[in-house]
Structure formats: structure tokens, C-alpha cells
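Chain residues, written in single-letter form:
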Amino acid sequence: MCLAIPGRIVSIEERDGTLMSVVDFGGVRKDVCLQYLPDAEVGHYVVVHVGFAIQRLDEESATRTLAEFEHLGVLAEEFGDGFEAAARQAGAADPARNGSEVTS
């Protein structure tokens, strides 16, 4: 699944001519490109899709959406260990556990 997820900008810097930021998604922090929102500031909430901030969002909407995503397990799915999730879905051994069997 590929969602646009709201997060809060915690820092901004220019890297190799590109406006970048660190965005907090309810405790998970990721690097995000701000080129589409060059006037965004630290503390603003933005909607992020595939590593790009695409829209600003008010704090109430952002926190409500993050809480709902957390409740539905969407944040774990988006930010969790992709290898572990894929192994679990396939019923295969988790590669992070050195070949041990998955039990359900």
C-alpha cells in the first residue's frame, strides 16, 4: 500500500541544492523532500507521499489522521520491517531470525 501520511517537520536543511527535512510521523522520523513546499517551516504539518511533502495540513487533522492510522495498523505497515511482514504473509522464515520458522 502506498499512502500519503501526515507528519510534523522537525528540521529543515538544504542538501546538494535540494530542500530537505526530517518529518516525525507519530514517533517515526524520515527524511522528506520539501521542494514542492518551499515555504514550509519547522513545526508545520505536511502530507507526505513517497518521500515528498505534497501539502500542508492543520495540526488537528494531522493528529486525528495519525491516531486513526495507528489504530488501523497502517503506520506499522508503512514504517515497519518490510522483510518481516513479507515473510509472515508468505508463511516463510523471517530472514532477520536466521532461518527460524514462523509460527502462527
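Residues numbered from 1 in each chain as written. Predicted model: local features only at pLDDT ≥ 70, side-chain atom pairs only at ≥ 80, totals over all residues. Heavy atoms only, no water.

1. Observations regarding the side chain of Ser61
Formally: Helix and strand assignments follow DSSP, with helices taken as H or I runs no shorter than four residues and strands as E runs no shorter than two, numbered in order from the N terminus. Relative accessible area decides the class of each residue, using a 1.4 Å probe on protein chains only: under 20% of the type maximum gives buried, over 50% gives exposed, and in between gives partly exposed. Whenever a nitrogen or oxygen atom comes within 3.5 Å of another N or O atom, the pair is scored as a polar contact, on the condition that within protein one atom can donate a hydrogen and the other can accept it, and that pairs from neighbouring residues in sequence are kept only if both atoms are in side chains.
Within the secondary structure layout, Ser61 lies in helix α1 (residues 59-72). Given a relative accessible area of 17%, Ser61 falls into the buried group. In this structure the side chain of Ser61 is engaged in a polar contact, spanning 2.9 Å, whose partner is the side chain of Asp58.

2. What to know about α1
Filter applied, for reference: Expected span of a helix: the number of residues minus one, times 1.5 Å. Taking the helix axis as origin, the arc is that swept by the directions to the C-beta atoms.
Here α1 contains 14 residues, and its C-alpha end-to-end distance of 20 Å stays within 8% of the 20 Å for a straight helix at 1.5 Å per residue. For α1, every residue scored as buried is listed here: Ser61, Ala62, Leu66 and Phe69. Taken end-on, α1 shows its buried residues confined to a sector of 125°, consistent with a single buried face. Of the exposed residues in α1, the ones pointing more than 90 degrees away from its buried face are Glu60, Arg64 and His71. At the N-terminal boundary of α1, the capping side chain belongs to Asp58, with an oxygen 3.3 Å from the backbone nitrogen of Glu60. Trailing α1 by a residue or two, Gly73 shows a phi angle of about 80°, which is positive.

3. Overview of the pairing of strand β4 (residues 45-49)
Rules: Two strands are said to pair when DSSP picks up at least two bridges between them.
Within β4, four of the five residues are buried, which leaves the element mostly enclosed by the surrounding structure. Bridge count for strand β1 (residues 5-15) against β4 is four bridges, and the pairing is antiparallel. Each bridged residue has a counterpart across the sheet, and for Arg8 the counterpart in β4 is Tyr45. Bridging between β4 and strand β5 (residues 52-57) involves five bridges; their strand directions are antiparallel. In the sheet register, Val47 faces β5, and the bridge partner there is Gln55. From the end of β4 to the start of β5, which pair antiparallel, there are two residues, and Val50 there has a positive phi angle of about 45°.

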